[in-house]
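Observations on chain architecture
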Amino acid sequence: MFFYSVLDMTQTLSERVALILEELKISQTDLARLARVTRGAVNQWMKAKPGATMKPEAAFELSDKTPYSARWLSIGEGPIYKTVTDAREEKLLEAYRATDERGRLAIHRVAETESQYISGGELKNDVAA
């Protein structure tokens with residue numbers, strides 16, 4: 001398992017690809033399809049020497065289809081994950097920034113409470129007896 005900070009810039013291309021495969025629980029073939037490259041290209045990424053980069057075309061294809069930022073995918077710099085993933089999340093962030101501290105605390109409490117549930121209204125950690 002990989003443990004890197006959100007701003008870790010020391011990962012090689014092969015480490016970045018291994019992290020993606022592990023986090024997304026996909027095969028190299030699946031990754032090749034997402035990036036619109038050959039399986040051989042992914043294999044080369046896995047064997048890449050330090051300093052190797054991912055072509056921008058592949059990085060942007062992956063970034064469009066995954067939570068990873070194109071810059072991190074390509075050269076290993078900057079945040080691993082994209083900051084905002086969709087319009088709803090962006091609107092929520094705008095509302096959070098526009099409110100005072102009391103409003104921010106309320107938004108935070110609701111988000112924490114709701115994050116305890118999965119689809120169907122069940123608690124994530126709810127274990128049947």
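To be clear, the structure that these remarks concern was listed above.
Structural notes, computed from the coordinates. (Residues numbered from 1 in each chain as written. Predicted model: local features only at pLDDT ≥ 70, side-chain atom pairs only at ≥ 80, totals over all residues. Heavy atoms only, no water.)

1. What to know about the overall build of the chain
Along the backbone of the chain there are seven helices and zero strands. Taken from N to C terminus, the helices and strands of the chain fall in the order α-α-α-α-α-α-α. The contacts of the chain with a sequence gap of at least 6 include a subset with a gap of at least 24, amounting to 43%. Taken as a whole, the chain presents about 9100 Å² of accessible surface, with 55% of it coming from carbon and sulfur. (Helix = DSSP H or I, 4+ residues; strand = E, 2+ residues; numbered from the N terminus. Contact = heavy atoms within 4.5 Å. Areas by Shrake-Rupley, 256 points an atom, 1.4 Å probe, with all protein chains shown as cover.)

2. Brief notes about the layout of surface pockets
Here the largest pocket defines a volume of roughly 170 Å³. The wall of the largest pocket is formed by Ala35, Arg36, Val37, Ala41, Gln44, Trp45, Thr53, Lys55, Glu57, Ala58 and Glu61. Those elements that provide at least two residues to the lining of the largest pocket are helix H3 (39-46) and helix H4 (56-65). Tallied by class, the residues present in the lining of the largest pocket amount to five nonpolar, two polar and four charged. (1 Å grid on protein atoms, 1.4 Å probe; cavity = no way out; pocket = protein on both sides within 12 Å on 5 of 7 lines; lining within 4 Å. Points joined across faces, edges and corners; volume = space filled by probe spheres on them. Nonpolar A, V, L, I, M, F, W, Y, C, P; charged D, E, K, R; others polar.)

3. So, the side chain of Ser63
Looking at the secondary structure, you find Ser63 in helix H4. Residue classification places Ser63 among the buried residues on the basis of a relative accessible area of 7%. A distance of 2.9 Å separates a polar atom in the side chain of Ser63 from the backbone oxygen of Tyr68. With residues near it in sequence (within four places) discarded, Ser63 still touches Tyr68, Ser69, Ala70, Leu73 and Lys82. (Buried < 20%, exposed > 50% of the residue type's maximum accessible area, 1.4 Å probe, protein only. Polar contact = N/O pair within 3.5 Å; in protein donor to acceptor, adjacent residues only side chain to side chain.)

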